[in-house]
Amino acid sequence: MPGHPLLDQLARAGQRLRGPAVRRPWLLDAAVVALSFLAFCVPDLVHDGDGDGPRGHRVAFTHLPLPAVLAFQAALLLPLLWRRRRPAAAFAAVTAVFLVQWSLGAALRADAALLLALYALALHGRLRDLAWACAASALGTGLVAARLSSAVPVWDVLFFLVAAVTAAVALGIAVRVRRAQLAGLRERAARLEVERDQRSRLAAASERARVAREMHDIIGHNLSVIITLADGGAYAARSTPERGPEALTLIGDAGRQALGELRRMLGVLREHGAGPELAPQPGIADLDGLCGRIRAAGPEVLHRTEGALETLDRGVQLTVYRIVQEALTNTLKHAGPQARTRVSVSLVDTRLRVRIDDSGPPGGAPAPDGTPPGEGQGVTGMRERAALYGGTVTAGPAPGGGWSVLADLDVTPVAPAPALGALPAHAPHALDPHAQHALDLPAPHALDPAGGPV
């Protein structure tokens, strides 16, 4: 009965005794020998020594002198001191003394040491040693049965002795299996704890990487737009001062949007205080506004979509938005405000393709910020985002000049949640020519050095 209170108390007592036994193993071995001496040896020493067997049995045992009794008792019990370190040798020594003693016709209560040694062999020794140990035990039981045959039937003696030997072996194996199970459970618990810590560290690293990508996209894009608008506004202040307030308004709008996104991102990281201002993450429906902000900085942006993009998961839509945002930011930094850019987002079956092509700097001039395309972390971030959905990102020079970014994602369209409503679909269209240049300002000759790659 595993749940019996008595067994639970015995188990707890065993655990309390196991601690000192592990720290001082010799103490437990000495205690076993001392208890065996008190239980089995002292009665033989105080016996009258008439040599007869128990009352009612006519068995004549050999009467040994006191020094011989002490010698046999010591030879039977002392090997138990190394029963855990050398169980096979301890059992062999006890068995040899047992056979010699019974061959002389002497009977001692200390013969119980044979069962203790057999139990220790089954618990601590090699299981293959149990074969010859059981054979030796069978030889000893046969010798005892032959000696007692004059008073007790042989089969009764054999039954009793074989049952005792079997009980000792079975108890040793049961305790051995139990200890092995406990050791396996402890090892598994330790391994699970290590795996839990590793998963926690991996989750923290993944979250840091995600936050770093979001911060890169937010800060890199908005600062590039703000710097370009500031340069254009400074140029316009000298030629057409009445356009200055418009540039400042656009700079303020871009700054407020960046500040709102940063507050939302950093609010998630707060452990205390008020929660962040909730707002939906940008998706494919927000690409029009993104392209509009880039047009306000100067570049010409044409944007078209194809397919049932409203069925895409919000995570996929955020990935598409960030890839397009990073590509347009790189266009603004490396190709300048006079570049022409085409953005195409198409969904065919389960393949979502995003393509961004720009014309590069006018006349093949160097990049306005002095850095070659692909030198920052933007392309790496786009590839990491695409890899979350089993996709790839290819970025490099276009055959006709300029720079091209192609993202191919493997997605499975899902029905939009009824509570959120469907997003407006974007049919292929051309942009209004009047919205292509919000400021309609001449391009600045060079960007401020602060507009380098983020």
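Residues numbered from 1 in each chain as written. Predicted model: local features only at pLDDT ≥ 70, side-chain atom pairs only at ≥ 80, totals over all residues. Heavy atoms only, no water.

Along the backbone of the protein there are 11 helices and five strands. By the burial criterion, 37% of the 454 residues in the protein qualify as buried. At a minimum sequence separation of 6, the contacts of the protein that also span at least 24 residues come to 75%. Within the structure as shown, the protein displays about 25,100 Å² of accessible surface, and the carbon and sulfur contribution to it stands at 63%. (Helix = DSSP H or I, 4+ residues; strand = E, 2+ residues; numbered from the N terminus. Buried < 20%, exposed > 50% of the residue type's maximum accessible area, 1.4 Å probe, protein only. Contact = heavy atoms within 4.5 Å. Areas by Shrake-Rupley, 256 points an atom, 1.4 Å probe, with all protein chains shown as cover.)

Core analysis: the largest hydrophobic core is formed by 38 residues, its most contacted members being Leu312, Val320, Val324, Leu328, Leu352 and Ile356. Sorting the residues of this core by element identifies helix 7 (154-239), helix 8 (244-269), helix 9 (287-296), helix 10 (314-334), strand 2 (340-348), strand 3 (351-358), helix 11 (378-387) and strand 5 (403-410) as the ones contributing at least two each. The element that contributes the greatest number of residues to this core is helix 10, accounting for eight residues. Beyond its immediate sequence surroundings of up to four residues, Val320 is in contact with Ile284, Val345, Leu352, Val354 and Leu409. Core analysis: the second largest hydrophobic core is formed by 34 residues, Leu64, Leu76, Leu77 and Leu130 among them. (Core = buried A, V, L, I, M, F, W, Y, C linked by side-chain atoms within 4.5 Å.)

Moving on to the pattern of salt bridges. In this structure the tally under the stated criterion is seven salt bridges. Arg351 serves as the salt-bridge partner of Asp410, at 3.8 Å between the closest nitrogen and oxygen. Pair noted here: Asp410 is in strand 5 and Arg351 is in strand 3, with a separation of 59 residues, a long-range link. Residue Arg351 is classed as partly exposed on the basis of its relative accessible area, which comes to 27%. Linked by salt bridges that have partners in common, Glu193, Arg196 and Asp197 make up one network. (Salt bridge = Lys/Arg side-chain N within 4 Å of Asp/Glu carboxyl O.)

A few words now on a nonpolar patch on the surface. Together, Leu35, Phe37, Leu38, Leu45, Val46, Leu66 and Leu70 line one region of the surface with nonpolar side chains, adding up to about 660 Å² of accessible area. Of all the secondary structure elements, the ones that give two or more residues to the nonpolar patch are helix 2 (25-46) and helix 3 (66-77). Looking at the nonpolar patch, the element that brings in the most residues is helix 2, giving five residues. Looking at the secondary structure, you find Val46 in helix 2. Classification of Val46 by relative accessible area gives exposed; the value is 64%. (Patch = residues over 30% accessible without salt bridge, like charges linked within 9 Å, V, L, I, M, F, W, Y side chains within 5 Å.)

Now for helix 11. Those residues of helix 11 that sit buried are Gly378, Val379, Gly381, Met382, Arg385 and Ala386. Considered in projection along helix 11, the buried side chains sweep an arc of 160 degrees and stay on one side of the axis. (Arc of directions from axis to C-beta.)

With phi around 55 degrees, Asp349 is a residue other than glycine that occupies positive phi space. If you trace the backbone, Asp349 turns up in the loop between strand 2 and strand 3.

Applying the stated criterion across every chain, the model contains two aromatic pairs. Measuring from ring centre to ring centre gives 6.2 Å for Phe98 and Trp102, while their planes differ by 45 degrees; the resulting arrangement is tilted. Here the residue Phe98 and the residue Trp102 both occupy positions in helix 4 (residues 87-103), the gap between them amounting to four residues, near one helical turn. Exposure class is identical for Phe98 and Trp102. Each is buried. (Phe/Tyr/Trp six-rings, centres within 6.5 Å; stacked < 30°, edge-to-face > 60°.)

This brings us to the packing of helix 3 against helix 4. Two numbers describe how helix 3 lies on helix 4: the axes approach to 8 Å, and their chain directions differ by 150 degrees. Judged by the angle between their axes, helix 3 and helix 4 are roughly antiparallel. By crossing handedness, the relation of helix 3 to helix 4 is classed as left-handed. Contact with helix 3, carried on its side by Phe72, Ala75 and Leu76, involves Val94, Val97, Phe98, Val100 and Gln101 of helix 4 and no other residues of that element. Within the contact of helix 3 with helix 4, the residues separate by chemical class into seven nonpolar, one polar and no charged. (Axes fitted to C-alpha atoms, helices over the stretch in contact; angles between N-to-C directions. Parallel < 35°, antiparallel > 145°, perpendicular 65-115°, else oblique. Left-handed = near helix turned anticlockwise from the far one by under 90°. Nonpolar A, V, L, I, M, F, W, Y, C, P; charged D, E, K, R; others polar.)

Strand order in the open sheet formed by five strands is 1-2-3-5-4, and the pairing between neighbours is mixed. Each having just a single partner strand, strand 1 (300-306) and strand 4 (392-397) make up the two edges of the open sheet. On average, each strand axis in the sheet is tilted by 10 degrees relative to the strand beside it, whichever way the strands run. For strand 4 and strand 5, the ladder comprises six bridges, and the chain directions are antiparallel. From the neighbouring strand, Pro397 faces strand 5, where its bridge partner is Trp403. Seen against the sheet, helix 10 touches strand 2, strand 3, strand 4 and strand 5 and runs at an angle of roughly 15 degrees to strand 3. Strands in contact with helix 11 are strand 4 and strand 5; relative to strand 4, the strand with the most contacts, it is inclined by about 155 degrees. (Pairing = 2+ DSSP bridges.)

Turning our eyes to something else, we now look at the environment of His221. With respect to the helices and strands, the residue His221 is situated in helix 7. Each C-alpha atom of the pair His221 and Thr329 lies 5.1 Å from the other, and the pair is 108 residues apart in sequence. Look past the residues within four positions of His221 in its chain and what remains in contact with it is His216, Leu290, Arg293, Ile294, Gln325 and Thr329.

Quick look at the packing of helix 9 against helix 10 now. Interaxial distance between helix 9 and helix 10 falls to 11 Å at its minimum, and their mutual angle equals 10 degrees. Comparing their axes, helix 10 and helix 9 come out roughly parallel. Listed contacts from helix 10 to Leu287, Leu290, Cys291, Arg293 and Ile294 of helix 9 are Tyr321, Val324, Gln325, Leu328 and Leu332. Grouping the constituent residues of the contact of helix 9 with helix 10 by class yields eight nonpolar, one polar and one charged.

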